[in-house]
Amino acid sequence: MELPPDLLHQAHYWMRLTRALDDRGTFLHKQSKIVGGYFSQIGHEAISVGAALALGADDVVAPMHRDLGAYLVRGITPQRILAQYLGRVDGVSHGRDGNIHGMGDLNYGIVGFISHLPASLPVMVGMAHAFVLKGEARVAMGFYGDGGSSQGLSHEALNWAATFRLPMVFICENNQYAYSTPVARQMHVANIADRALGYGMPGAVVDGNDFSAVYHAARTAVERARSGEGPTLIECKTMRMRGHAIHDNMAYVPPALLEEWAQRDPILRLEAHMRERALLDDAALNDLLVRIETELDAAQAFAEQSPYPDPATLTDGVYAEGGFL
Ligand SMILES: Cc1ncc(C[n+]2csc(CCOP(=O)(O)OP(=O)(O)O)c2C)c(N)n1
C-alpha cells in the first residue's frame with residue numbers, strides 16, 4: 001500500500017534532520033566540545049523515524065543510542081539535544097550526561113535509555129502492564145539491538161509481555177554487529193524475529209532501510225497492541241555504518257559489506273521513491289537541506305550559550321517525585 005504524500009514528506013524531514021543532527025554531533029566531538037564518547041546512528045533513520053511515527057501522542061517509547069530520530073519525532077528539539085551533548089543545563093537531562101544515555105522526558109512519552117542494553121525493555125513492559133491494569137488504551141514501544149537480544153533481560157521482557165498479552169511493541173535493530181561481535185558469533189538463528197514463536201507472539205522481519213516497510217510493520221503492531229491482541233516483535237535488518245562509537249575505526253568490518261549497505265541507504269531510497277512519485281525534485285531537496293542547516297545553526301548557538309549546571313543541583317531528580325505516568 002502506497003503511503004500518503006504528507007506522511008512521506010514528514011518522514012523525509014525527520015530522517016534528513018536526524019542525519020544532519022548526527023553529523024553535527026560528530027563535528028562538535030571533533031572540535032572537542034563533546035566530553036566522552038559519541039554514538040553515530042547513521043543508517044538507522046528509517047527505523048527510529050518509522051517506528052516512532054507509528055505511535056500515538058499518549059504512547060510511550062524507550063529509544064536507544066541509535067534512535068535519535070525517535071527523540072525528534074516525539075518532539076525533543078535539536079536545541080535540547082545539542083545542549084545535552086554539550087553537557088549544558090538546557091539539555092534533556094540538564095547536564096547530567098553528555099551523549100545519548102540519559103535522554104528521557106516523560107512529558108514527551110520518552111523513557112531515558114538505560115545503558116545496560118535491554119534493561120529498558122522490562123521497564124517498558126512494566127509500563128504496558130500498568131496501562132492494562134489502569135484500563136488505558138496506550139502502547140509501549142521498546143528498542144533493543146542484536147547484541148541486547150542475546151541478554152537475559154530481553155527474553156524475560158518478551159516472555160512477560162506475551163504471557164499477559166500486553167500492549168507492547170519490541171523493535172529489534174539488527175545492525176549486524178554488537179561492538180566488534182558479528183551476529184553469527186552470538187546466535188544460531190537466521191532471524192531474531194524467529195524467536196517470537198517461542199514466546200508466543202507474532203514476529204516480523206523487515207528491511208530496516210525501507211521507511212515504508214518499517215512504518216507498515218510498526219503501525220500494524222501498534223494497532224494490534226492497542227486493540228488488546230498483545231505484543232509483536234519486529235526485527236529491522238540494517239547495518240551499523242560507523243564504529244560502535246567515535247573512537248572505533250571498525251577495522252573488523254569488511255569494507256565490501258559497508259559498500260553493499262551504502263547502496264541501500266535509507267534516506268536515498270526514500271528520496272528515490274519520492275522522486276518516482278513526483279513528490280521531490282532537486283530544488284525541493286536543496287531547500288530542505290538549507291532549512292535544516294539553518295535550524296541546526298540556531299540550535300547549536302542556543303546550546304553553546306546554555307550554562308553548565310549548578311553543582312548544587314547534582315542530586316536533583318535522583319528519586320521520583322510524584323507519579324510517573
Ligand atoms: C551490560 C552491558 N554490557 C556492556 C555494555 C557496553 N556496550 C554498550 S552498547 C554495546 C553493544 C551493543 O550492541 P547491540 O545491542 O547490537 O547495539 P548496537 O550498538 O549495535 O546498536 C556494548 C557491549 C553495556 N552498556 N552494558
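Residues numbered from 1 in each chain as written. Predicted model: local features only at pLDDT ≥ 70, side-chain atom pairs only at ≥ 80, totals over all residues. Heavy atoms only, no water.

Within an unreviewed UniProt entry, the label attached to the chain reads 2-oxoisovalerate dehydrogenase subunit alpha, and the organism entered is Oscillochloris trichoides DG-6. As stated in UniProt under Cofactor (unreviewed entry), the record for the chain gives "thiamine diphosphate". As its UniProt record puts it under Function (unreviewed entry), the chain is described as follows: "The branched-chain alpha-keto dehydrogenase complex catalyzes the overall conversion of alpha-keto acids to acyl-CoA and CO(2). It contains multiple copies of three enzymatic components: branched-chain alpha-keto acid decarboxylase (E1), lipoamide acyltransferase (E2) and lipoamide dehydrogenase (E3)." (UniProt positions renumbered as here; feature names shortened; annotations may be inferred.)

K.L.:
I keep staring at the pairing of strand S3 (residues 168–174) and nothing clicks. Help me out?
P.N.:
Two faces belong to every sheet, and in a regular strand the side chains alternate between them. S3 sits mainly inside the fold: seven of its seven residues count as buried. Here S3 shows no split at all, with Met 168, Phe 170, Cys 172 and Asn 174 on one side and Val 169, Ile 171 and Glu 173 on the other all buried. In this sheet, S3 lies alongside strand S2 (residues 140–145) in parallel orientation, the contact comprising six bridges. Residue Gly 145 lies in a different strand from S3, and its bridge partner there is Glu 173. At this point the chain moves from S2, through helix H6 (residues 152–163), to the parallel S3, and the crossover so formed is right-handed. Both S3 and strand S7 (residues 232–237) contribute to a ladder of six bridges, which runs parallel. Across the sheet, the residue bridging to Glu 173 is Cys 236, located in S7. (Buried < 20%, exposed > 50% of the residue type's maximum accessible area, 1.4 Å probe, protein only. Helix = DSSP H or I, 4+ residues; strand = E, 2+ residues; numbered from the N terminus. Pairing = 2+ DSSP bridges. Right-handed = clockwise from strand over helix to strand, strands pointing away.)

K.L.:
Could you clarify how one ought to interpret the pattern of salt bridges in this entry?
P.N.:
Where charged atoms from two side chains of opposite charge come close, those side chains can pair. Under the definition given, this model contains 17 salt bridges. As a salt-bridge pair, Glu 223 and Arg 219 come within 3.3 Å of each other at their nearest N and O atoms. Separated by four residues within a single helix, Glu 223 and Arg 219 lie in helix H8 (residues 211–226), roughly one turn from each other. Residue class for Arg 219 comes out partly exposed when judged on its relative accessible area of 33%. Put simply, Glu 260 and Arg 264 hold a salt bridge, and the shortest N to O gap is 2.8 Å. When its relative accessible area of 41% is taken as the criterion, Glu 260 is described as partly exposed. For Arg 264, a relative accessible area of 29% translates into the label partly exposed. Three or more residues are tied together by salt bridges with common partners; here these are Arg 19, Glu 45 and Asp 265. (Salt bridge = Lys/Arg side-chain N within 4 Å of Asp/Glu carboxyl O.)

K.L.:
Looking at this model, I keep getting lost on helix H5 (residues 120–134). Mind explaining?
P.N.:
Because an α-helix packs 3.6 residues into every turn, residues spaced three or four apart end up facing the same way. End to end, H5 covers 21 Å across 15 residues, agreeing with the expected 21 Å (1.5 Å per residue, within 8%). For H5, every residue scored as buried is listed here: Ser 120, Leu 121, Met 124, Val 125, Met 127, Ala 128, His 129, Ala 130 and Phe 131. One or two positions beyond H5, positive phi appears at Gly 135, with a value near 70°. (Expected span 1.5 Å × (residues − 1).)

K.L.:
Any chance you could explain H6 here in plain terms?
P.N.:
The first and last C-alpha atoms of H6 sit 17 Å apart over 12 residues, in line with the 16 Å expected at 1.5 Å per residue. Within H6 the residues assigned to the buried category are Ser 154, Ala 157, Leu 158, Ala 161 and Ala 162. Viewed end-on, H6 has its buried residues packed into an arc of 125°, placing them on one side of the element. Projecting away from the buried face of H6 at angles above 90 degrees are the exposed residues Glu 156 and Thr 163. In this fold, the buried residues of H6 make contact with H5, S2, S3, helix H7 (196–199) and S7. (Arc of directions from axis to C-beta. Contact = heavy atoms within 4.5 Å.)

K.L.:
Before we go on, may I ask you to explain the nonpolar core in this structure?
P.N.:
Soluble, globular proteins show a tendency: their nonpolar side chains are buried together. By size, the foremost hydrophobic cluster in this structure holds 91 residues, and its most contacted members are Phe 170 and Phe 211. Tallying contributions element by element places helix H1 (residues 5–30) first for this core, with 10 residues. Excluding its chain neighbours within four sequence positions, the residues that come into contact with Phe 170 are Leu 121, Val 125, Gly 142, Tyr 144, Ala 157, Leu 158, Ala 161, Met 201, Pro 231, Thr 232, Leu 233 and Ile 234. Ile 42, Met 239, Met 241 and Trp 261 belong to the second-largest nonpolar core, a separate cluster that totals eight residues. (Core = buried A, V, L, I, M, F, W, Y, C linked by side-chain atoms within 4.5 Å.)

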